[in-house]
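# Coordinates in review
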Amino acid sequence: SVANAANLWQLKNGTPDLKSAGTLSFGPDGIIFVGDQKGAAVFAIDTGDAKGTVSEVALNVGNVGTRLGKLFNVDAGDVAVNDLAANPATGTVFLAVTKGSGADATPALVKVDGKGAFSEISLKNVAFSKVELPNAPEDKVVKRGRRSSNPRKDSITDLAYVDGKVIVSGLSAGQGGSTVREIGFPFSSTSQGSRVEIYHGAHGKYESHSAIRTFVPFNIDGEPALLAGYVCTPLVKFPLSSLKSGKPARGTTIAELGNHNRPLDMIVYEKDGSNFLLLANSARGVMKISTEDIAENKGITERISDTAG
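Below is a short write-up of the structure.

What counts and how
- Along every chain, residues carry numbers that run from 1 in the direction the sequence is written.
- Side-chain atom pairs in this predicted model are given and counted only at pLDDT of 80 or more, local residue features only at pLDDT of at least 70, and totals for whole chains, interfaces and linings cover all residues.
- With hydrogens and water stripped out, all remaining heavy atoms of the structure feed into the side-chain values.
- With a 1.4 Å probe rolled over the protein chains alone, any residue whose accessible area is under 20% of its type maximum counts as buried; one over 50% counts as exposed, and the rest are partly exposed.
- Under the scheme used here, helices are H or I runs from DSSP no shorter than 4 residues and strands are E runs no shorter than 2 residues, and both carry numbers assigned from the N terminus.
- Any two strands between which DSSP finds at least two bridges are classified as paired.
- By definition, the arc is the one covered by directions from the helix axis to the C-beta atoms.
- In what follows, a contact means two residues having at least one pair of non-hydrogen atoms within 4.5 Å.
- Axis lines are fitted to C-alpha atoms, over the contacting stretch for helices. Their N-to-C directions set the angle, which ranges from 0 to 180 degrees.

Below, the discussion takes up the pairing of strand 12 (residues 158-162). By the criterion of burial, strand 12 is predominantly enclosed, with four of the five residues buried. Bridging between strand 12 and strand 13 (residues 165-171) involves five bridges; their strand directions are antiparallel. Within strand 13, the residue paired with Y161 across the bridge is V166. Once strand 12 ends, the chain turns through two residues before running back antiparallel as strand 13, passing D163 with a positive phi of about 50 degrees.

Taken as a whole, helix 2 (residues 64-72) has its buried residues at L68, G69 and F72. Buried residues of helix 2, seen end-on, are gathered within an arc of 100 degrees and therefore sit on one face of the element. In this structure, helix 2 carries T66 and K70 as exposed residues pointing more than 90 degrees from its buried face. Where helix 2 is buried, its residues contact strand 5 (79-86), strand 6 (93-99), strand 7 (106-112) and strand 8 (118-120). N73 lies just past helix 2 and shows a positive phi near 60 degrees.

Time to look at the sheet that holds strand 18 (residues 223-229). Strand order in the open sheet formed by four strands is 17-18-19-21, and the pairing between neighbours is antiparallel. Looking at the sheet topology across the chains shown, the edges are occupied by strand 17 (214-220) and strand 21 (252-256). Taking each pair of neighbouring strands and ignoring which way they run, the sheet shows an average axis angle of 25 degrees. With four bridges joining them, strand 19 (residues 234-239) and strand 21 adopt antiparallel strand pairing. Among the inter-strand pairings, V236 is bridged to a residue of strand 21, identified as T253.

So, to be careful, I would describe these as geometric facts and stop short of saying anything about function.
Next up, the structure:
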């Protein structure tokens, strides 16, 4: 039952104090994990969406912005979709949404059922739990060279639930802030995480200031690992065993997929006995990448240019 699931995962009834809703991932029993960048926290929320028939779901939904605007009684341009996650047990799709902009922006969760109907998920008196990230970047605009940004917006860039843990990528405070954290679920206090470094072939140097933008858990030769995408666009593998709290880790850059590009999301899928990575990008469309040689790939460790990498 819903009550038993909430008790099992140590959820309490109340209203989550979400300051933003940026990243989503599903866990067990219809629980969705929400990354709150502004609040530098991860929430586990019981959606009640625990039973369904995935094979009966075949979504093809158009005019999403218009439909969200109608749902919230605002212009379509005043609603932004930050992430999407499908419940693997039911096929129901959930959207992380921002209504409005600037100081008036508010977060929301939207459910899209198997027939394509949109509804807002009430966050009043729901079963939830929360864990705050230690050492998060300060919530203020800072200058780095000629550019200005607020690092708090990257305190959480992606998350995934794997084998009883929530893996979270993002920035921590301080120099070389790119970090990966593992948080046990049910939630307890989280660690400082592992600071991660990569070789950026297009730049010809090792870097640790840029956060992972999106990642997917993937077994490489039977060893749990992360495949991670960065801006401009290195593709990097990290064995999970290398990500120890308080210790630095260096990934292996297995591809350079082009500059002036931001990876948006990725999945791994199987077809005809082979695994493929599907990577959606801001400027370079959707890439289908074979994972066949990932284990043997020794990595890029020298500057590359033109079409190399």
